[in-house]
2 protein chains.
Amino acid sequence: MTNLVNVRYLTGFTGSAGAVVVWVDGSAEIATDSRYGVQVGDECSDIAAHITRAGRSTLNARLTATGVSAVGFEDRHLAVADWRDLGDDLGWTPLGSTVDQLRMVKDDTELGLLRKACQASDDALAAALPRIRVGVTEREVARWIDDELRNRAEGPAFDTIVASGVYGAIPHHQPTDRELADGDLVTIDFGARVEGYHADMTRTIAVGQISDWQREVYDAVQAAQATGVAALGPGKTAREVDASARSVIVDAGFGEAFGHGLGHGVGLQIHEAPFLGTTSADKLEASVPVTVEPGIYLPDRGGVRIEDTVVVHADHVERLTTTTRDLLVVG
Amino acid sequence: MTNLVNVRYLTGFTGSAGAVVVWVDGSAEIATDSRYGVQVGDECSDIAAHITRAGRSTLNARLTATGVSAVGFEDRHLAVADWRDLGDDLGWTPLGSTVDQLRMVKDDTELGLLRKACQASDDALAAALPRIRVGVTEREVARWIDDELRNRAEGPAFDTIVASGVYGAIPHHQPTDRELADGDLVTIDFGARVEGYHADMTRTIAVGQISDWQREVYDAVQAAQATGVAALGPGKTAREVDASARSVIVDAGFGEAFGHGLGHGVGLQIHEAPFLGTTSADKLEASVPVTVEPGIYLPDRGGVRIEDTVVVHADHVERLTTTTRDLLVVG
């Protein structure tokens, strides 16, 4: 394994450079450089560690020495040049999404960390909300949210999005010095990270009095989000879940304005399998956390997105982010 | 181009998904998804944009339609599976480090942004320093530095390192709740980011009275850093610069305790070409910013690192981070 997220998943090692070989008996060897010599001993003391500047070569030599006939490699992550550097001596077998699929279903420890991260996210929004009003800037709002996330967790799971007024039409807008104005909808997309596990949630709030078209858009997104969550369950396909929520937005006349997928898995990465979208081949299982985040984006007017992180269980769906989805209105 | 840093470098686009084709006449086409439909128009209005969920396929079809016989691709970044998905119809030619080499030499705009980022870093340390004393935790120190960086720039360029006492032996230690104690050396590695450009600096400070071995280690690192900076110049090889600084540490008897390279380029990435190290094949040129950051790490005892971001010019070396390298002592 050469992808650092998968290295962390399999070994617990959190350094920024390293590679791992997993043998058929389940044992493993890790290679990293001297910056992480102490850390690798602390984080994965049960695994043989090679401290070297040439980690992949070292592991490659270990593999060659054992005479194995086939070695799985992360063809979705390893760069072409790095793969060519490994040479042709070993039977390199593409792993495809094997490890991604393993990571998709979370164990109780992982779900516990996601619950903590989501709770911290809900609490951070609640703590920041009273300061959000006419005249404060997008950047200030993002800063307050981030400070609250740092007070409760490792910090933000990704760059916090605050998109007000017309900027609401940009799904991944980065905060500017634009001041919130009366009648704005403000989309806030954020989450906390706890021991490497990411929460992801979005609320669109109203500043003062909004107009009828804004309310119409909000209601459509809220209904679509509820429909999407209700459609989740083990055995459901990603496509049918996406389609159920999407149909609500299409029926409301905003089909063209919902250009992205309904959601995605979360865990050690903010975006990971499964992907809920119109072209996805993924299927849901029990103990799989996903986001459900429909949105409507109207260029030069604004937008709305509502997103929760939820967990698919055998017989129910657990909401990890629990802030109300009814419209929040601030001064 | 599929690597997002290179996409930004070539087009100005800062979204989290996209790919670019550059034609031989210097014109370009970019593909990204609907989340960035508005943003791509704002950031690179002079480039034809395809808004699609299948960006690489779209660009691939454009290339095929033109009948070009060879297409350079980023073999150091593109994953094996993604490359295979592109098919065999086009003459895929590995670009190797071509774009990295282009990015290595900075223009005046880029150097201006690096100067701002480095100034913000110096100022952030100066602002946080008075609060650092016996009893505060590593995490608090990191938080103060990060807050000061956010006050002056986009924020931290990477996860701030605060490594106190024995943790100083871990070059990339992440801040803990350990409280600073009298007699600690504390290594603080941090930097600001300005319009995507990264500053990188490290100071090791003393809390109260340190002992003779700590002073000896500090003096060796300080001398090595000065020697490394003095060795920089156009035409110099990365290896000879590394060797000149390393010899100071070897002569002081700490050669085994300096396990990493002397430094690296900085720009749109925190680590980029050139790499100053014992096995590097890179060569310096004018207008190339690099870090110079020797360190000594003694397991179970502690460590020291001193790092500046500097720019190699035709006839001199410009220091962008200018905080004193003499030992700073706090209460």
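Report on the accompanying structure. All of these numbers come straight from a predicted model, not from anything done at the bench.

**A closer look at unusual backbone geometry**
Okay, so step 1: Residue proline 274 of chain A is reached from alanine 273 of chain A by a cis peptide bond, and omega for that bond is 0°.
Okay, so step 2: The residue proline 274 of chain A is located in strand S13 (residues 272-276) in this model.
Okay, so step 3: Unlike most non-glycine residues, glutamate 195 of chain B shows phi in positive territory, near 45°.
Okay, so step 4: With respect to the element layout, glutamate 195 of chain B can be found in the loop between strand S9 (192-194) and strand S10 (197-198).
Okay, so step 5: Looking at glutamate 195 of chain B, the relative accessible area reads 48%, which means it is partly exposed.
Okay, so step 6: Residue serine 287 of chain B is not a glycine yet carries a positive backbone phi of 70°.
Okay, so step 7: Within the secondary structure layout, serine 287 of chain B lies in the loop between strand S13 (272-276) and strand S14 (288-292).

**As for empty space enclosed by the protein**
All names here are of chain A.
Okay, so step 1: The final tally for this structure, using the stated rule, is three cavities of 30 Å³ or more.
Okay, so step 2: In this structure, the largest cavity spans a volume of roughly 60 Å³.
Okay, so step 3: Around the largest cavity, the lining residues are Gly165, Gly168, Leu185, Trp213, Gln214, Val217, Arg301, Gly302, Gly303 and Val304.
Okay, so step 4: The calculated volume of the second largest cavity comes to roughly 40 Å³.
Okay, so step 5: As for the second largest cavity, its lining consists of Asn6, Glu74, Arg76, His77, Leu95, Gly96, Thr98, Val99 and Asp100.
Okay, so step 6: The biggest single contributor to the lining of the second largest cavity is helix H5 (residues 98-104), with three residues.
Okay, so step 7: The class makeup of the residues in the lining of the second largest cavity is two nonpolar, four polar and three charged.

**Quick word on the interface of chain A and chain B**
Okay, so step 1: Each partner contributes residues to the interface: chain A has 31 residues there, and chain B has 30 residues.
Okay, so step 2: Carbon and sulfur atoms supply 51% of the area that chain A and chain B bury against each other, a total of about 2,800 Å² over both sides.
Okay, so step 3: At the boundary of chain A and chain B, one finds zero salt bridges.
Okay, so step 4: Seen at the junction of chain A and chain B, the total is 16 residue pairs in polar contact (both at pLDDT 80 or more).
Okay, so step 5: Where the side of chain A that touches chain B is concerned, the elements lending two or more residues are helix H2 (37-43), helix H4 (80-85) and helix H7 (138-152) of chain A.
Okay, so step 6: Looking at the side of chain A that touches chain B, its residues break down into 13 nonpolar, nine polar and nine charged.

Criteria and cut-off values
Chains are numbered independently. Their residues run from 1 in the order of the written sequence. Chain letters and ligand numbers both follow the written order, the letters beginning at A and the numbers at 1. Since the coordinates come from a predicted model, pLDDT governs what is reported: local features require at least 70, and pairs of side-chain atoms require 80 or more to be given and counted, while whole-chain, interface and lining totals use all residues. To obtain the side-chain values, all non-hydrogen atoms of the structure were used and water was disregarded. Note on conventions: DSSP H or I runs of at least 4 residues are helices, E runs of at least 2 residues are strands, and numbering of each starts at the N terminus. Throughout this description, buried means an accessible area under 20% of the type-specific maximum (1.4 Å probe, protein chains only), exposed means over 50%, and partly exposed covers the range between. The pocket and cavity definitions rest on a 1 Å grid over protein atoms only: a 1.4 Å probe that fits but cannot leave marks a cavity, an open set with protein on both sides within 12 Å along at least five of seven lines marks a pocket, and residues lining either have an atom within 4 Å of a point. Grid points are joined across faces, edges and corners, and a volume is the space filled by probe spheres set on the points. The classification used treats Ala, Val, Leu, Ile, Met, Phe, Trp, Tyr, Cys and Pro as nonpolar, Asp, Glu, Lys and Arg as charged, and all other residues, Gly among them, as polar. By the convention used here, residues are in contact when the closest approach between their heavy atoms is within 4.5 Å. Take the accessible area each of two parts loses on contact, using a 1.4 Å probe, and add the two losses: that sum is the buried area. Salt bridge, as used here: a side-chain nitrogen of Lys or Arg that lies within 4 Å of a carboxyl oxygen of Asp or Glu. The term polar contact refers here to a pair of N or O atoms within 3.5 Å; inside protein, the definition further demands a hydrogen-donor-capable atom paired with an acceptor-capable atom, and it admits residues adjacent in sequence only when both atoms are side-chain atoms.

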